[in-house]
Amino acid sequence: MSIVENTNLAVKTGIKPNPFIYTVQDKPELAPVVIDLNGLEVSYGDFKAVRGINLQVRQGEIFGILGPNGAGKTTTLSVIEGLLKPSAGKVQVLGLDVVKESKKIRRQIGVALQSTSFFDSLNLVELIELYAAMYNLYPTKTRIQELLERFQLKEKSRVQPKQLSGGQVQRVALLLAVINDPKIVFLDEPTTGLDPQTRRNIWDVIKELRAEGRTVVLTTHYMEEAHELCHRLAIIDQGEVIANGTPGQLINQLGADIRITVTARLPLEAVQKLPGVTKASYEGERLTVYLQDAEKSLLGLQQLALQNGQPLADLSVKQPDLEDVFLALTGRSLRT
C-alpha cells in the first residue's frame, strides 16, 4: 500500500493517516525499527522455551508470527509486551528497554488476546470508560459513540459482552486494544473460531489500524490470513526463528512443485515422462501430478488425455503456499 492508497483508504473509512510514515512496500529500508530482539532467550528451569531469537519489526508493517503450540510464540510476545523478563538477550520496543522501561512501553502498545474476559456486569459504554480511565483518559460521549460506530458496535452500546456474538466480542477486544491510541498493536489469534465472513471483517479492521500508521504484530494459525495481512512474517519452532521474510519470498525460496489433481485413467509411466513433471501417482481414480512448469505440463497432459480418449474431469490446480513452506520447514502441519 502506497502513501496515496493509504490516504484513499483514510477517505473511505474516516481514519486519519500518518503522512510521515514510510510503508514497507514504498521504502522498507527507511521505515524505523520499532521492535528489536537481539539474542532473546527465555528459560523455565532447565527448559529453554526461546533460544536466541534475533528479529526486527519496522514501523507501519503488519508482522506475523507463525508456529505450532509450544513453539515459543506466546513467550516471545510476553517479553515484547513487558510481561515477562527475558533470561538473556536484549529487547527494545520503540527504543525502550523492556526490562528497565516496561511501564513506558505498556502505555504505547495495545494488546488483544485470543480469548478475553470482560466485566460481564458492564455494558460496552461502561467498558470503554473503564479501560480508558486506566490510561487516565476520559473520552466524551461523542468520542465513545465514534469508537463504537467505527468497530460496528454502535447498536450494541448498552449491551453486555456476554450477549454478543464471537465476532462482536473480537471487535470489542480490538476497540479496547486501541483505546490508548497505541503505536503498536499486538493481536493473538484474532480470528480463531470465527466464520469466514466475520474473519474477513476483522481483517478489514486490522488493515485500518495499519492505515493509521500503527504497527501490527499478530499470531495466527490461518495460512490464508497470514498471506492476506502480513507484509513479513517469522516462523518459530522449538524456540527458534527458522524462517523470516515476506510470504512471497518464503514461498519462492521453497521452490515447491505445483500440484494438479484430476480424475482420468492415463498411463502413469507416460504421465511421469511429460515435460516438467517431477512425480505422479494414483489414489483410486484420482491422478495427482507434481510439476515445475504448469503451462508445458498441462498442455502435455491434455494431449495425452486426447490420445487415450480420456476426459480430464474435476481438475484442480494448487500453487505452493505458506502451508507448504511450514510443512517443509517443520515437518508437520500447524496444531491448533
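Described in the following lines is the structure provided in the data block. None of these values were measured; they are calculated from a predicted model.

The rules behind each value
- Residues numbered from 1 in each chain as written.
- Predicted model: local features only at pLDDT ≥ 70, side-chain atom pairs only at ≥ 80, totals over all residues.
- Heavy atoms only, no water.
- Helix = DSSP H or I, 4+ residues; strand = E, 2+ residues; numbered from the N terminus.
- Buried < 20%, exposed > 50% of the residue type's maximum accessible area, 1.4 Å probe, protein only.
- Contact = heavy atoms within 4.5 Å.
- Areas by Shrake-Rupley, 256 points an atom, 1.4 Å probe, with all protein chains shown as cover.
- Core = buried A, V, L, I, M, F, W, Y, C linked by side-chain atoms within 4.5 Å.
- Patch = residues over 30% accessible without salt bridge, like charges linked within 9 Å, V, L, I, M, F, W, Y side chains within 5 Å.
- Salt bridge = Lys/Arg side-chain N within 4 Å of Asp/Glu carboxyl O.
- Axes fitted to C-alpha atoms, helices over the stretch in contact; angles between N-to-C directions.
- Parallel < 35°, antiparallel > 145°, perpendicular 65-115°, else oblique.
- Left-handed = near helix turned anticlockwise from the far one by under 90°.
- Nonpolar A, V, L, I, M, F, W, Y, C, P; charged D, E, K, R; others polar.
- Pairing = 2+ DSSP bridges.
- Phe/Tyr/Trp six-rings, centres within 6.5 Å; stacked < 30°, edge-to-face > 60°.
- Lys NZ or Arg CZ within 6 Å of the ring centre and 35° of its normal.
- Polar contact = N/O pair within 3.5 Å; in protein donor to acceptor, adjacent residues only side chain to side chain.
- Arc of directions from axis to C-beta.

Looking at the overall build of the protein
Looking only at helices and strands, one finds twelve helices and 14 strands in the protein. Expressed as a percentage of its 336 residues, the buried residues of the protein come to 45%. Taking the contacts inside the protein whose residues are at least 6 apart along the sequence as the reference set, 66% of them involve residues at least 24 apart. When the accessible surface of the protein is split by element, carbon and sulfur atoms take 48% of a total near 17,100 Å².

Details of the nonpolar core
Membership of the largest hydrophobic core comes to 48 residues, with the highest contact counts inside it found for Phe-118, Ile-128, Leu-148, Leu-175, Leu-187 and Leu-233. Broken down by element, the residue count for this core peaks at seven residues, all from helix H6 (residues 166-177). Counting residues in each nonpolar core, the second largest holds 26 residues, with Leu-55, Val-57, Phe-63 and Val-93 among its members.

Let's talk about a nonpolar patch on the surface
Residues Phe-119, Leu-130 and Met-134 make up a contiguous nonpolar surface patch of about 280 Å² in total accessible area. Relative to the helices and strands, Phe-119 resides in the loop between strand S6 (109-112) and helix H4 (124-133). Residue Phe-119 is classed as partly exposed on the basis of its relative accessible area of 43%.

Describing the packing of helix H9 (residues 247-254) against helix H12 (residues 322-330)
Across the interface, H9 lies against H12 with an axial gap of 9 Å and an inter-helix angle of 55°. Classified by the interaxial angle, the pair formed by H9 and H12 is oblique. The way H9 lies across H12 gives a crossing that is left-handed. Residue-level contacts link Pro-247, Leu-250, Ile-251 and Leu-254 of H9 to Leu-322, Asp-324, Val-325 and Ala-328 of H12. Residue composition of the contact of H9 with H12, grouped by class: seven nonpolar, no polar and one charged.

Notes on the sheet that holds strand S5 (residues 96-97)
Taken together, the four strands give an open sheet; going across it, the order is S2-S1-S4-S5, and neighbouring strands pair in antiparallel fashion. Each end of this open sheet is capped by a strand with a single partner; those strands are strand S2 (47-58) and S5. Those strands touched by helix H2 (residues 73-80) are strand S1 (33-44), S2 and strand S4 (88-93), and its axis lies near 120° from that of S1.

Focus on the packing of aromatic side chains
Summed over the entire model, instances satisfying the criterion amount to zero aromatic pairs. Lying over the aromatic face of Tyr-222, Arg-199 brings its terminal NZ or CZ to 3.9 Å of the ring centre. We note Arg-265 situated over the ring of Tyr-282; from NZ or CZ to the ring centre the distance is 4.3 Å.

Focus: the side chain of Arg-214
Assignment of secondary structure puts Arg-214 in the loop between helix H7 (196-211) and strand S8 (215-219). For Arg-214, a relative accessible area of 9% gives the class buried. Here the side chain of Arg-214 touches Asp-181 through a polar contact of 2.9 Å, side chain to side chain.

A few points about helix H5 (residues 141-150)
Listed as buried for H5 are Ile-144, Leu-147 and Leu-148. Along H5, the residues classed as buried sweep out an arc of 95° about the axis, all on the same side. Summarising the geometry of H5, the exposed residues directed more than 90 degrees from the buried face are Thr-142 and Glu-149. For H5, the secondary structure elements touched by its buried residues are H4 and H6. Of the residues flanking the end of H5, it is Gln-152, one or two places downstream, whose phi is positive at about 55°.

A closer look at unusual backbone geometry
In this structure, Leu-94 takes a positive phi of about 55° despite not being glycine. If you trace the backbone, Leu-94 turns up in the loop between S4 and S5. On the basis of relative accessible area, Leu-94 is assigned to the partly exposed category, the value being 24%. At Asp-181, a position not held by glycine, the phi torsion is positive, near 55°. On the secondary structure map, Asp-181 appears in the loop between H6 and strand S7 (184-188).

Some details on the pairing of strand S12 (residues 277-283)
Where S12 and strand S13 (residues 286-291) come together, six bridges link them in antiparallel fashion. Paired with Tyr-282 across the bridge in S13 is Leu-287.

What about H12?
For H12, the set of buried residues is Leu-322, Val-325, Phe-326 and Thr-330. One face of H12 carries all of its buried residues, which in axial projection span an arc of 100°. On its buried face, H12 sits against helix H8 (223-229), strand S9 (232-237), strand S10 (240-245) and H9. Backbone geometry just downstream of H12 places Gly-331 in the positive-phi region, at approximately 80°.

A short note on the sheet that holds strand S3 (residues 62-66)
In spatial order, the strands read S6-S7-S8-S3-S9-S10; together these six strands make up an open sheet with mixed pairing. On the outer flanks of this sheet lie S6 and S10, each paired with one strand and no other. For this sheet, the mean angle separating the axes of adjacent strands, direction not counted, is 15°. Those strands touched by H7 are S3, S7 and S8, and its axis lies near 145° from that of S8.

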